[in-house]
Amino acid sequence: MGTVEIMNKTTMICAPLMAQSVEQMVGDMHQAKAQGADLVEVRLDCINNFQPHQDLEIILKNKPLPVLIVYRPKWEGGLYEGDEQQRLEVLHLAEELGADYIDIELKVASDHLAKQKTNHRSGTKFVVSCYINGVTPSKEDLSRLVARMHATGADIIKAVVNVTDITEIARIFQLLSQCQVPVIAYSVGERGFMSQILSPKYGGILVYGSIEGKPDPGLPTIDSLRQAYKVDHINEDTIVFGLISKPVSHSKGPLLHNPTFRHVNYNGIYVPMFVDNLKEFFSTYSSPDFAGYSVGFPYKEAVIEFCDEVHPLAQSIGAANTIIRRPSDGKLIGYNTDCEGAISAIEDAIKEKGCTNGKEFSGSPITGKLFVVVGAGGAGRALAFGAKSRGARVVIFDIDFDRAKSLASAVSGEARPFEDIVNFQPEKGAILANATPLGMHPNTDRVPVAEETLRDYQLVFDAVYIPRKTTLLKDAEAAGAITVSGVEMFLRQACGQFTLFTGRKEGKYLLHFHYISFPNTSF
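Residues numbered from 1 in each chain as written. Predicted model: local features only at pLDDT ≥ 70, side-chain atom pairs only at ≥ 80, totals over all residues. Heavy atoms only, no water.

> Would you take a moment to explain the sheet that holds strand β19 (residues 457-462) for this structure?
The sheet built from six strands is open, its strands ordered β17-β16-β15-β18-β19-β20 with parallel pairing. Of all the strands in the sheet, the pair left with one neighbour each is β17 (414-417) and β20 (482-484). Averaged over all pairs of adjacent strands, the angle between strand axes in this sheet comes to 20 degrees, irrespective of strand direction. Taken together, the five bridges between strand β18 (residues 430-434) and β19 define a ladder with parallel strand orientation. Note that in β19 the partner of Leu432 across the bridge is Val460. Strands in contact with helix α14 (residues 401-410) are β16 (393-398) and β17; relative to β17, the strand with the most contacts, it is inclined by about 165 degrees. (Pairing = 2+ DSSP bridges. Helix = DSSP H or I, 4+ residues; strand = E, 2+ residues; numbered from the N terminus. Axes fitted to C-alpha atoms, helices over the stretch in contact; angles between N-to-C directions. Contact = heavy atoms within 4.5 Å.)

Next up, the structure:
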């Protein structure tokens, strides 16, 4: 397999391999190819009892796709602790044996490459790399660093930054877009995830993706890069949307929005965005390219103050789950699609059950019913206002009793201390809506109410959608209640978001079509 010419390609997907044996390394190379990788990064320092001549020959003779050889010393975050000259000799051997790419650290690159290129007749390309720990350098310092790396004679330069805030990724994007040589630049970890996905938009030549069954924290899988994100389709004109949340790794939004964008030929990409500071985030990513956001926990209420305008429904609820940057003037407009998404899902479930029993509903089936909301955050506020709009009687439980009282006052309801929910005895036919993270993966065994009270509820709704059938819903179903998963709310609110994001009406149908077409998606 010949060298893939990175410099003349758009975006390549590279699988980092850290197997502890040569046999497993070869197996992982074949697995990476089968899953859609363009090349693999082989970490020699991870191989136990590494024998340079024997092991390198096996790896390079059995490679099913191009190989980037890395022999990382401990002083640069790797595992190699031996003699430095011997390490460099191994890299020279890798070139002689036909490695497609060889990674060499900036600290030793100048001297090593000068010697290598004196008699450099192979087709091997050299990647000069630098791993930056601690404080992310300024834009100016990053530019100077790149100049130093380029001066070594590198064919490709690679900078890995460990950002502590998502706003620091903007410096990586600027580096990618302004550099005149082939660059690999990204950040690791959940806060750095966006740098991997959006690298192609700014001219990055390579994106890392892990192989199935061997996840690498902070990295997308090869499959998600190919299927969910389609990174080979991302270009400088791609419009960015994303979920603002903390945490954010649970998000299934990319699985829903990205295929829908592509289905209607809309050049957009939806990515998870781990945000620590809303003010700094909106200030940093203020260009028209960042055109809209979903808003998740814990920001649905707090985000209101950063909107230039707020839709009346979101204003009355006091929470927004969607923000759009208006193209005409760049202003941020807040909306709430949670409210109608959740309430319509509950109504439809009751109507479906009612019709089955020969009963028809002329109005809302929740009118006059007791509607118990657990949680007074953004999702809880949407549910409470939606229930009030349908004429239900609302009771609010929240761990912050003052917050519960404030919401109860806004919907002419009643507030109760959170600890009372365990002994709360609802009237027959009441509706229960969990709007807290209780029961979300990985703490799936937690439920907000006593199991014995579930028999009195006609319907139980859980805003948690991972897992799809929570412990609360399983217990409610066993007690004879109608159950509605958070997936239903998620899908319906996403339909509204898609229309706001793109201005197109197809979202209502396409998002449901996508969900039906991919029944094994692990919501």
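> Can you walk me through the packing of aromatic side chains in this structure?
A ring pair, where both rings are aromatic, is described by two values, the distance of the centres and the angle of the planes. Applying the stated criterion across every chain yields a total of 19 aromatic pairs. Centre to centre, the rings of Tyr186 and Tyr208 are 5.2 Å apart; their planes meet at 50 degrees, and the pair counts as tilted. Placement of the pair is Tyr186 in strand β7 (residues 183-187) and Tyr208 in strand β8 (residues 206-208), with a sequence separation of 22 residues. Across the pair, exposure class does not vary: Tyr186 and Tyr208 are buried alike. Members of the aromatic cluster, each reached through a chain of ring pairs, are Phe241, Phe261, Tyr266, Tyr270, Phe498 and Phe501. Over the ring of Trp75 we find Lys107, and its NZ or CZ is 4.7 Å from the ring centre. Between Lys201 and the ring centre of Tyr202, over which it is positioned, the NZ or CZ distance is 5.8 Å. (Phe/Tyr/Trp six-rings, centres within 6.5 Å; stacked < 30°, edge-to-face > 60°. Buried < 20%, exposed > 50% of the residue type's maximum accessible area, 1.4 Å probe, protein only. Lys NZ or Arg CZ within 6 Å of the ring centre and 35° of its normal.)

> What's the story with the packing of helix α1 (residues 22-35) against helix α2 (residues 52-61) in this structure? I'm lost.
Two measures define how a pair of helices packs: the angle their axes make with one another and the distance between the axes. With their axes 10 Å apart at the nearest point, α1 and α2 run at an angle of 15 degrees to one another. Here α2 runs roughly parallel to α1, going by the angle between their axes. As for the relative orientation of α1 and α2, their crossing is right-handed in sense. Seen from α1, the contacting residues are Val22, Met25, Val26 and Met29; seen from α2, they are Asp55, Ile58 and Ile59. Among the residues making up the contact of α1 with α2, the classes are represented as six nonpolar, no polar and one charged. (Parallel < 35°, antiparallel > 145°, perpendicular 65-115°, else oblique. Left-handed = near helix turned anticlockwise from the far one by under 90°. Nonpolar A, V, L, I, M, F, W, Y, C, P; charged D, E, K, R; others polar.)

> In this structure, what is going on with the environment of Met489? I would like to understand it.
Mapped onto the secondary structure, Met489 falls in helix α16 (residues 486-502). Between the C-alpha atom of Met489 and that of Lys428, which follows or precedes it by 61 residues, the distance is 24 Å. If near-sequence neighbours (up to four positions away) are discounted, Met489 is found in contact with Asp338, Gly341, Ala342, Phe461 and Ala463.

> Sorry, what's going on with the pairing of strand β9 (residues 239-245) here?
In regular strands, side chains alternate between the two faces of the sheet. Of all seven residues in β9, six are buried, a share of seventy percent or more. As judged from the seven bridges shared by β9 and strand β10 (residues 268-274), these two strands associate in the parallel manner. Bridge pairing links Gly242 to Val271 in β10. Examined bridge by bridge, β9 and strand β11 (residues 290-295) share five bridges and lie parallel to one another. Across the sheet, residue Leu243 finds its bridge partner in β11, namely Ser294.

> Looking at this structure, how should I read the packing of α2 against helix α3 (residues 84-96)?
It is the contact of α2 with α3, at a shortest axis distance of 10 Å, that shows an interaxial angle of 35 degrees. Crossing angle aside, the handedness with which α2 passes α3 is right-handed. Contact with α2, carried on its side by Pro52, His53, Leu56 and Leu60, involves Val90, Leu93 and Ala94 of α3 and no other residues of that element. Here the contact of α2 with α3 is built from residues that sort into six nonpolar, one polar and no charged.

> Honestly, unusual backbone geometry in this entry has me stumped. Any pointers?
Along the chain, Lys246 connects to Pro247 via a cis peptide bond; the corresponding omega equals 5 degrees. In this fold, Pro247 is placed in the loop between β9 and α9 (253-263). The phi dihedral of Lys230 is positive, around 45 degrees, even though this residue is not glycine. Following the sequence through the fold, Lys230 ends up in the loop between α8 (222-226) and β9. With a phi angle near 60 degrees, Asn265 is a residue other than glycine that sits in the positive phi range.

> Please explain the nonpolar core as it appears in this structure.
Judged by nonpolar contacts, the single largest core of 93 residues is most densely connected at Leu44, Ile69, Met194, Met273, Tyr285 and Phe290. Broken down by element, this core gets its largest block of residues, six residues, from helix α6 (residues 169-178). Contact partners of Tyr285, with chain neighbours within four places excluded, come to Ile166, Thr167, Ile169, Ala170, Phe173, Met194, Phe290, Tyr293 and Arg325. Ranked by size, the runner-up nonpolar core spans 36 residues in total, among them Phe371, Leu407, Ala408 and Leu459. (Core = buried A, V, L, I, M, F, W, Y, C linked by side-chain atoms within 4.5 Å.)

> What am I meant to see in the pairing of β7 here?
Most of β7 sits out of view: five of its five residues are buried. Side chains of β7 alternate between two faces, with Val183, Ala185 and Ser187 and Ile184 and Tyr186 buried alike. Here strand β6 (residues 156-161) runs beside β7; their pairing, made up of five bridges, is parallel. The residue of β7 that forms the bridge with Lys158 is Ile184.

Read these as layout, nothing more, since geometry by itself doesn't imply function.
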